[in-house]
Amino acid sequence: MRLAEVGRTFPTKDGARTVLRGVDVALSPGEIVAVVGPSGCGKSTLLRLIGGLDRATAGSITVDEASVQAHDESTAIAFQEPRLLPWRTIAQNVALGLPRGTKKAAARARVAELLELVGLTHAAEQRPREVSGGMAQRASLARALARSPRVLLLDEPFGALDALTRLKMHDLLLEIHRAQPTTIVLVTHDVEEALYLADRVLLLRNLHATQPERPRAKVVALGSGSGIGALGSAGPHGSGPEHPAHAPDRTGSVARVVTVPGARPRDRAARAITDLRTSLLDGLGVHHHTTLTSTPLTTKETA
Ligand SMILES: Nc1ncnc2c1ncn2[C@@H]1O[C@H](COP(=O)(O)OP(=O)(O)OP(=O)(O)O)[C@@H](O)[C@H]1O
Ligand SMILES: [Mg+2]
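Think of each chain on its own: its residues are numbered from 1, step by step along the sequence as written. Ligands are numbered from 1 and chains lettered from A, in the order in which they are written. In view of the model being predicted, local features appear only for residues whose pLDDT reaches at least 70, and side-chain atom pairs are presented and counted only at 80 or more, with totals across whole chains, interfaces and linings using the full set of residues.

Visitor: Help me understand the overall build of the protein chain, please; the structure alone is not making it clear to me.
Guide: The secondary structure listing takes helices from DSSP runs of H or I that are at least 4 residues long and strands from runs of E that are at least 2 residues long, numbered from the N terminus. Each helix and strand counted, the protein chain has nine helices and ten strands in total. Between the buried cut of 20 or more and the exposed cut of 12 or fewer other C-beta atoms within 10 Å of a residue's own C-beta lies the partly exposed class, and all C-beta atoms are placed from the backbone. Looking at the protein chain as a whole, 38% of its 303 residues are labelled buried. In this description, a residue-residue contact is defined by the distance between C-beta atoms placed from the backbone, which must lie within 7 Å. Of the contacts made within the protein chain by residues no fewer than 6 positions apart, 74% connect residues no fewer than 24 positions apart.

Here is the structure:
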């Protein structure tokens, strides 16, 4: 898959607002790329563009040389919430992801295979409300895999899960990837997750954070109790600092592309990984993370 100088500008009542600019990256087949960045920097927007749910206003996105289009079967997307149909069984929900026109017998076999892959064979006939959050998320993953997408798009897929389930899901995803080496774009707020799963990590910047230093000051100020006011005043400055004409930042959305060393599964505590983690958190404006032991190390903190 190739993203060539991709940009997305939204018309708003205050004028055009550029959320993504100059995203230029090529993914090899089977590669796992994690996308991290502060809240609002355009991660979900980027996934929607790749998934054909929205159109880029600049540049182009191609999968195997063909432009992505709406309802394109070359990509599949899964979200933070499983978004299952409550009145259908787990198996029926998975079947919804199958390519249109799949014959009945083939569909049954493929659903059984997918349920096996995500460890849900025993829950095939249950309804979403009868299964745990982790199981529902596994069903959502199976549904996305059902059409054998060339690119699997995951938007914070483990974000709503408890820590232990999340770790299990990481290994499950790697297992699935070994069995079906799909190209994966994974949006996450969790730098650890990115470094455990991905071949490369794309760090996006928020084009509308006019001064990159400001979020850092806010993070520190929050602890002193005076930060809330500072955060609250970030939006409605005068005639609106959000307008692109006022934004001095002419650079692109991609702040850094980091290649993660070592083969998967990785040792989360390996020196090279912990160094990268520090460096990525630094890039996200989280500086004193080693002392913030009671705070989860997620990029939401820098929002
Ligand atoms: N349809 C739209 N019209 C106008 N603005 C939009 C639209 N969709 C997204 N945006 C804006 O684009 C920016 C990026 O949104 P996006 O959801 O991609 O961020 P994100 O990086 O996924 O954030 P989070 O980490 O909180 O999920 C936000 O400021 C949002 O308000
Ligand atoms: Mg998002």
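Visitor: Please clarify how the sheet that holds strand E5 (residues 66-67) should be interpreted in this entry.
Guide: The pairing of strands in a sheet happens through backbone hydrogen bonds and is either parallel or antiparallel. Sheet architecture is open: four strands sit in the order E2-E1-E4-E5, paired in antiparallel fashion. The sheet is open, and its two borders are formed by strand E2 (15-26) and E5, each paired with just one other strand. As paired strands, strand E1 (residues 2-12) and strand E4 (residues 58-63) are joined by four bridges and run antiparallel to one another. Within E4, the residue paired with Arg2 across the bridge is Thr62. Contacts between helix H1 (residues 43-50) and the sheet are confined to E1, E2 and E4, with E2 contributing the most and set at about 65° to the helix. A pair of strands counts as paired when DSSP detects no fewer than two bridges linking them. Interaxial angles span 0 to 180 degrees and are taken between N-to-C directions of axes, which are lines fitted to C-alpha atoms, for helices over the stretch in contact.

Visitor: It is not clear to me how the site of ligand 1 should be interpreted in this structure. Could you clarify?
Guide: Being near a molecule or strand means, for a residue, that its backbone-placed C-beta atom lies within 6 Å of it. In the region of ligand 1, the neighbouring residues are Phe10, Thr12, Val19, Gly37, Ser39, Gly40, Cys41, Gly42, Lys43, Ser44 and Thr45. Elements with a contribution of two residues or more to the shell around ligand 1: E1 and H1. Top contributing element to the shell around ligand 1 by residue count: H1, with three residues.

Visitor: Before we go on, may I ask you to explain unusual backbone geometry in this structure?
Guide: Going from Arg264 to Pro265, the amide bond is cis rather than trans, its omega being -10°. Take Pro265: it is sitting in the loop between strand E10 (254-259) and helix H9 (271-283). Of note in this structure, Glu5 is not a glycine but carries a positive phi near 50°. Looking at the element boundaries, Glu5 is found in strand E1.

Visitor: Even after reading the chapter, I still don't get the nonpolar core, so can you show me in this structure?
Guide: Soluble globular proteins: nonpolar side chains tend toward being buried together. Nonpolar cores are built from buried Ala, Val, Leu, Ile, Met, Phe, Trp, Tyr and Cys residues. These are joined into a set through C-beta atoms within 7 Å. Counting 70 residues, the largest nonpolar core has Val35, Val94, Ala142, Leu186, Ala198 and Val201 as its most contacted members. The element best represented in this core is helix H4 (residues 133-145), accounting for seven residues. If sequence neighbours within four positions are ignored, Ala142 has contacts with Val94, Leu114, Leu115, Leu117, Val118 and Leu120.

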